[in-house]
Each structure stands twice: as structure tokens, then as C-alpha cells.
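Residue strings, one per chain:
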Amino acid sequence: MNKPELPWHSRFDLLGITFLLFLAASLGALPSIEGSGRDLDYMGNLARFAAQFFPPDWSILDRTLSGLLETIQIALVSTLLAILLSFVISLGASRNVSPVWLLWPTRMLLNIIRTIPSLLWALLAVVIVGSNSLAGVIALTLYSVGYLAKFFSETFESTDQNSQNALKSLRASPLQAFQYGLWPNARPIIWSHCLWMLEYNVRSASIIGYVGAGGIGLHLKLYAESADSWNKFSLVLLCILFIVTMLDFTGEKIRKSIRDKLEGIKK
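In this text the structure is predicted, and so the values were computed from the model without any measurement.

1. Describing the overall build of the protein chain
So, point 1. Helix and strand content of the protein chain: 10 helices and zero strands.
So, point 2. When its helices and strands are written in sequence order, the protein chain yields α-α-α-α-α-α-α-α-α-α.
So, point 3. Within the protein chain, buried positions represent 34% of all 267 residues.
So, point 4. Of the contacts formed within the protein chain by residues at least 6 apart in sequence, a portion of 72% connects residues at least 24 apart.
So, point 5. With the model as given, the accessible surface of the protein chain reaches about 16,800 Å², and the carbon-plus-sulfur share is 68%.

2. Things to note about the packing of aromatic side chains
So, point 1. A full pass over the atoms with the stated rule returns six aromatic pairs.
So, point 2. Centroid distance Tyr143 to Tyr147: 5.3 Å. Interplanar angle 50°. Geometry classified as tilted. With Tyr143 and Tyr147 both in helix 6 (residues 133–158) and four residues apart, the pair spans about one turn of that helix.
So, point 3. Consider the rings of Trp196 and Tyr200, whose centres lie 5.5 Å apart with planes at 20°: the pair is stacked.

3. Here we look at helix 6
So, point 1. Along its 26 residues, helix 6 runs 37 Å from first to last C-alpha, staying within 8% of the 38 Å computed at 1.5 Å per residue.
So, point 2. When the local axis directions of helix 6 are compared, the greatest deviation, roughly 30°, occurs at Val145.
So, point 3. Between a side-chain oxygen at the N-terminus of helix 6 and the backbone nitrogen of Leu134 the separation is 3.1 Å; the capping residue is Asn132.

4. Side note on a nonpolar patch on the surface
So, point 1. A surface patch of nonpolar side chains, amounting to about 620 Å² of accessible area, comprises Phe19, Leu20, Phe22, Leu23, Leu27 and Leu30.
So, point 2. Classification of Leu23 by relative accessible area gives partly exposed; the value is 36%.

5. Some words on helix 4 (residues 100–115)
So, point 1. The end-to-end C-alpha distance of helix 4, which contains 16 residues, comes to 23 Å, matching closely the 22 Å that a straight helix rising 1.5 Å per residue would cover.
So, point 2. Those residues of helix 4 that sit buried are Leu103, Thr106, Leu110 and Ile113. Viewed along the axis of helix 4, the buried residues span an arc of 100°, placing them on a single side of the element. Exposed side of helix 4, more than 90 degrees from the buried face: Val100, Trp101 and Thr115 are the residues found there.
So, point 3. Against helix 3 (61–92), helix 5 (118–129) and helix 6 lie the buried residues of helix 4.

6. Comments concerning the packing of helix 5 against helix 6
So, point 1. Where helix 5 contacts helix 6, the two axes come as close as 8 Å, and the packing angle between them is 140°. By the angle class used here, helix 5 and helix 6 are oblique. The crossing of helix 5 and helix 6 is right-handed. Packed against helix 5, whose contacting residues are Ser118, Trp121, Ala122, Ala125, Val126 and Val129, the element helix 6 presents Leu134, Ala135, Ile138, Ala139, Leu142 and Tyr143 at the interface.

7. As for the side chain of Ser234
So, point 1. Summarising the element assignment, Ser234 is placed in helix 10 (residues 230–266).
So, point 2. For Ser234, a relative accessible area of 6% puts it in the buried group.
So, point 3. Beyond its immediate stretch of four places on either side in the chain, Ser234 contacts Phe53 and Pro56.

About the cut-offs
- Residues numbered from 1 in each chain as written.
- Predicted model: local features only at pLDDT ≥ 70, side-chain atom pairs only at ≥ 80, totals over all residues.
- Heavy atoms only, no water.
- Helix = DSSP H or I, 4+ residues; strand = E, 2+ residues; numbered from the N terminus.
- Buried < 20%, exposed > 50% of the residue type's maximum accessible area, 1.4 Å probe, protein only.
- Contact = heavy atoms within 4.5 Å.
- Areas by Shrake-Rupley, 256 points an atom, 1.4 Å probe, with all protein chains shown as cover.
- Phe/Tyr/Trp six-rings, centres within 6.5 Å; stacked < 30°, edge-to-face > 60°.
- Expected span 1.5 Å × (residues − 1).
- Bend = angle between axes of the 7 residues up to and from the residue.
- Polar contact = N/O pair within 3.5 Å; in protein donor to acceptor, adjacent residues only side chain to side chain.
- Patch = residues over 30% accessible without salt bridge, like charges linked within 9 Å, V, L, I, M, F, W, Y side chains within 5 Å.
- Salt bridge = Lys/Arg side-chain N within 4 Å of Asp/Glu carboxyl O.
- Arc of directions from axis to C-beta.
- Axes fitted to C-alpha atoms, helices over the stretch in contact; angles between N-to-C directions.
- Parallel < 35°, antiparallel > 145°, perpendicular 65-115°, else oblique.
- Left-handed = near helix turned anticlockwise from the far one by under 90°.

So this is what it looks like as C-alpha cells:
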């Protein structure tokens, strides 16, 4: 016996409808994207500008590596602090862990943190502690908490909760249920989020130096403001590219290990 064919509109779930709305809004926004209105030689302008980047000026390699080291240090310290803070805050933002009276204020706090861009956090930090690497650590820590805590809470909510519920039914305390029921399943995904945040912070730490928050960004600002220093600018970009590529390569290896571990848990 053939099953009755469902009407076409019943085949769309919430995800499908959301995608269609996103697609419609994106296409509707296209007519509002306008250029300068002038007849410019875009490719010619790009070629002339790109030519100023070559060859890179290797005479500044030493000071570039010094700035890059400071950038990596800012990223490492801010990511570590963000992980510690985010883990605590994410518990208050998780439906299956936190009471309702704590859940919504915590989520609103994370929304407020994410509303402020990293460059604005850097400006605020520079105003408070001055133009130094500490300002970069403060800025990236606060910015990272807004995202990491959200990622952590979503991981806790989406992880299989059968083990946690079973432990609760056996009179285990909430802490024991979390530690032995929820955390083992969530841990690989949590570490994957931490790794992504570290990669992101290395790139962000390269930019916040533009407002005086330490790192290689100050070098980029100085070279960008000098008309004849684009070859120095390109060397800084090459060094950043090398570090980001190495992080991406190493991160992929670690993520593969995490995926293998997740598959082992599922089996």
C-alpha cells in the first residue's frame, strides 16, 4: 500500500524555513549594494597597489618576529583566561545545568559582551590600563568569553544527557551528575572550541595593535601610514600567514584526534 504523499509545504522544517528566509533576505539586499558611482579601473588600481608589496623588505625581520612573539603571547594568555571564565559562565547559561533565574541573566550578559567588537574592547582597555600588551589581553579575554561561553553552553545542551539523568536517578549530586555523566561526552567538543578560539585570537591580536593594545598590529599601523613602506607591510603579513598556517595545520591534526575520540565514544 502506497503511503499518501505529503503536501509540499510539510516538507519544510524550521531549518529549511530559516534558510529560505536567509536566502530571500540576502537576495533582497543585493540592490542596496552600491559602488562609488565613478568609472574606475578596479583591476588596474589593484595591480598598481599590489605591486608596492613586492619584494618584501627582509631587513625588518627581527623586529617583526619580536612583535609576532608578543602577539602570540597575548593570544595564549587571553585564550587561557577566557577558557577558565567561559567554563564557569557557560554553566549558568545551560538549560540542563542552570536554574531559570540564573539562565536568562547569564545569557543576556553574553549577548552584551558579544555586541561589543574586539577593537572597541581594545579601545576601552587602552583607556583603562594604557597602551600596552595588558590591554590586548583584557580586550581579547572579554571578547572571547562572549563566544566561548555560548559555545560551551550549547555543547552542554546538545550532548547526550542519558548518563547524566541516570546518575541523578541514583541520587547523585548535580556536580557528580555533571562530572561523570555530562562532561566526558562534552569534553572533546569543548577542547575543539578552545582550539578554534586560540587560532582566532592569534589573528585578532594582530589587529588590536592598531589601537595600541600591543602586538604586531602596531607595526602594521606604522607601515600602512607610511606611503613607501608597503613592502615592510607585506613582510609582516607573510609572517602572520606563516603562523596562522602552522596553527591551522596543527589544529587540524588535533581536531582529527578529537573526531576519532568522538567516534570511539559513539561506538
